[in-house]
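Architecture and fold: a report
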Amino acid sequence: MAGTLVADLEKRFRGGPTVRATLELPATPGRVAVLFGPSGAGKTTVLRCLAGLDRPEHGRILFHGEPWCDTPARLFLPPQQRRVGFLFQDYALFPHLTAEQNVQYGLGELTATARRERSCSLFQLLHLEGLEGRRPRELSGGQQQRVALARALAIRPRLLLLDEPLSALDAPSREQLRGELRRLLRELGVPTVVVTHDRLEALALGDDLVAMEGGRVCQVGPVADVFNHPSELAVARMTGIETVLPGTVVKREAGLATVEVGPHHLVALEPSHEGSAVFVCLRAEDVTLGPPEAAPTSARNRLPCTVVSLSPEGALVRVALDAGFPLVARVTRFSTEELGLAEGRALTATFKAPSVRLVPRP
Ligand SMILES: Nc1ncnc2c1ncn2[C@@H]1O[C@H](COP(=O)(O)OP(=O)(O)OP(=O)(O)O)[C@@H](O)[C@H]1O
């Protein structure tokens with residue numbers, strides 16, 4: 001129990017959905033867990049229950065073995081007793097207070113000197129020196145975010161909870177601050193739970209991932225495990241796998257599975273689950289394109305296909321293909337030119353067996 005955050009809760013909204021979450025996460029210094037999923041998945045609801053801002057109808061929350069919520073025992077600790085730092089989506093800074101006053105707001109129990117010392121060290125840590133006297137409207141989006149983070153940290157929280165911390169920023173700032181926030185969270189040494197619906201943000205910020213959809217937790221695990229081995233179709237979709245095809249496992253041998261998909265037999269690593277009905281999931285980045293007469297490579301899967309459409313995406317091009325079933329590849333502009341890609345062009349698509357993820361099909 002030490003070093004973990006355990007939650008098993010159910011929150012019902014009158015006339016609305018029920019959000020259920022069962023999860024156990026490492027909560028060690030600097031470790032970041034991401035609640036990830038599409039809009040309406042229930043991420044914010046879980047975060048608010050962890051904070052003590054919402055009260056679940058049923059459930060338990062244990063932080064390092066200490067009960068924060070236990071509905072059968074009628075136990076519910078308010079946020080200040082949990083000592084959690086909460087960063088709201090819109091930062092919720094008091095507009096009439098200066099940055100320094102905002103940061104010192106929750107420190108009423110300290111002497112004025114101690115309050116000043118605490119906020120001074122946070123302004124240094126978050127590179128906000130010189131901005132103490134500014135009001136929120138006189139700060140940039142990134143500066144507001146850091147002031148809000150300083151306020152959340154001022155109480156010396158045991159757990160930091162961040163709701164979409166970058167969503168209030170424009171795209172270029174978001175990209176820049178993603179890496180900065182990650183470094184900062186590591187440095188701060190406080191276990192953190194972050195809500196995001198953004199795939200890149202989840203990858204950049206998280207050590208652990210809780211994938212949610214439709215008010216339930218679909219999968220929990222280290223970020224790379226969840227992205228590489230989605231346990232179900234909903235997780236495959238939310239982690240950005242574009243090719244999802246119904247298939248049937250027709251052979252299992254020597255750690256490999258042969259899967260019938262449309263007119264083809266594909267080779268994948270043998271899945272740990274039983275059952276032959278599967279979804280074959282393939283990332284566009286894992287598909288290599290070459291001329292029809294391309295020489296064999298180590299890739300187990302080679303499919304003749306034709307180009308259906310090309311869509312530029314910055315330095316890359318998304319290539320929709322017809323291989324007897326729809327297949328998506330993503331290649332550089334350079335490769336597009338070199339291969340002379342155009343609608344109707346015949347090609348060979350190749351991908352390795354470990355790139356083919358098999359997810360059980362109900
Ligand atoms: N106070 C409320 N009353 C009724 N329904 C609510 C309330 N708060 C949330 N919900 C509903 O509960 C579900 C989960 O909402 P929640 O805000 O937790 O989702 P989310 O994953 O954080 O979504 P988003 O990414 O859009 O913020 C949604 O269907 C939402 O409409």
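Computed from a prediction, not measured in an experiment: that's the story for all the values here.

With that settled, consider the layout of surface pockets. Within this model, the largest pocket holds a volume of roughly 510 Å³. The wall of the largest pocket is formed by 23 residues, among which Val84, Phe86, Gly106, Arg151 and Ile155 lie closest to the centre. Looking at the lining of the largest pocket, the elements with two or more residues in it are α2 (79-82), β7 (84-87) and α5 (141-154). When residues of the lining of the largest pocket are assigned to their parent elements, the largest contribution, four residues, is made by α5. In the lining of the largest pocket, the residues fall into 16 nonpolar, three polar and four charged.

This next bit is on the site of the ligand. With respect to spatial proximity, the complete set of residues near the ligand consists of Phe13, Pro17, Pro38, Ser39, Gly40, Ala41, Gly42, Lys43, Thr44 and Thr45. Here an oxygen atom of the ligand sits 2.6 Å away from a polar atom, N or O, in the side chain of Ser39. Ala41 is positioned such that a nitrogen or oxygen atom in its backbone is 3.0 Å from an oxygen atom of the ligand. Bound to the protein, the ligand loses 60% of the 630 Å² it would expose on its own. The residue makeup of the shell around the ligand, split by class, is four nonpolar, five polar and one charged.

The next subject is the packing of α5 against helix α6 (residues 171-188). In the contact formed by α5 and α6, the axes pass within 13 Å of each other and the chain directions differ by 15 degrees. If you check the angle between α5 and α6, you find them roughly parallel. Relative to α6, the crossing made by α5 is right-handed. On the side of α5, the interface is formed by Gly142, Gln145, Arg146, Leu149 and Leu153, while α6 contributes Leu177, Glu180, Leu181, Leu184 and Leu188. Taken together, the residues of the contact of α5 with α6 sort by class into six nonpolar, two polar and two charged.

A negative phi angle characterises most non-glycine residues, just as the trans form characterises most peptide bonds. A positive phi is found at Ala92, a non-glycine position, where the angle reads about 50 degrees. Here Ala92 shows up in the loop between β7 and α3 (99-104). Under the relative-accessibility criterion, Ala92 is labelled partly exposed at 32%. A positive phi angle is found at His127, which is not glycine, with a value near 55 degrees. Relative to the helices and strands, His127 resides in the loop between α4 (112-125) and α5.

Turning our eyes to something else, we now look at the domain arrangement of the protein. For an interface, size is often stated in terms of accessible area lost upon the parts coming together. Looking at the assigned domains, one finds that the protein contains domain 1 (4-234) and domain 2 (241-360). Between the C-alpha centres of domain 1 and domain 2 the distance comes to 38 Å. Each partner contributes residues to the interface: domain 1 has six residues there, and domain 2 has seven residues. When the area that domain 1 buries against domain 2 is broken down by residue, the three leading residues are Asn228, Pro230 and Leu233, summing to 68%. Our count for the contact surface shared by domain 1 and domain 2 stands at zero salt bridges.

Structurally, Thr297 is set in the loop between β16 (288-290) and β17 (301-313). The class for Thr297 is partly exposed, based on a relative accessible area of 45%. With 97 residues separating them along the chain, Thr297 and Leu200 place their C-alpha atoms 31 Å apart.

The rules behind each value
Residues numbered from 1 in each chain as written. Predicted model: local features only at pLDDT ≥ 70, side-chain atom pairs only at ≥ 80, totals over all residues. Heavy atoms only, no water. 1 Å grid on protein atoms, 1.4 Å probe; cavity = no way out; pocket = protein on both sides within 12 Å on 5 of 7 lines; lining within 4 Å. Points joined across faces, edges and corners; volume = space filled by probe spheres on them. Helix = DSSP H or I, 4+ residues; strand = E, 2+ residues; numbered from the N terminus. Nonpolar A, V, L, I, M, F, W, Y, C, P; charged D, E, K, R; others polar. Near = heavy atom within 4 Å. Polar contact = N/O pair within 3.5 Å; in protein donor to acceptor, adjacent residues only side chain to side chain. Areas by Shrake-Rupley, 256 points an atom, 1.4 Å probe, with all protein chains shown as cover. Axes fitted to C-alpha atoms, helices over the stretch in contact; angles between N-to-C directions. Parallel < 35°, antiparallel > 145°, perpendicular 65-115°, else oblique. Left-handed = near helix turned anticlockwise from the far one by under 90°. Contact = heavy atoms within 4.5 Å. Buried < 20%, exposed > 50% of the residue type's maximum accessible area, 1.4 Å probe, protein only. Domains from an automatic or database assignment. Buried area = accessible area lost by both parts, 1.4 Å probe. Salt bridge = Lys/Arg side-chain N within 4 Å of Asp/Glu carboxyl O.

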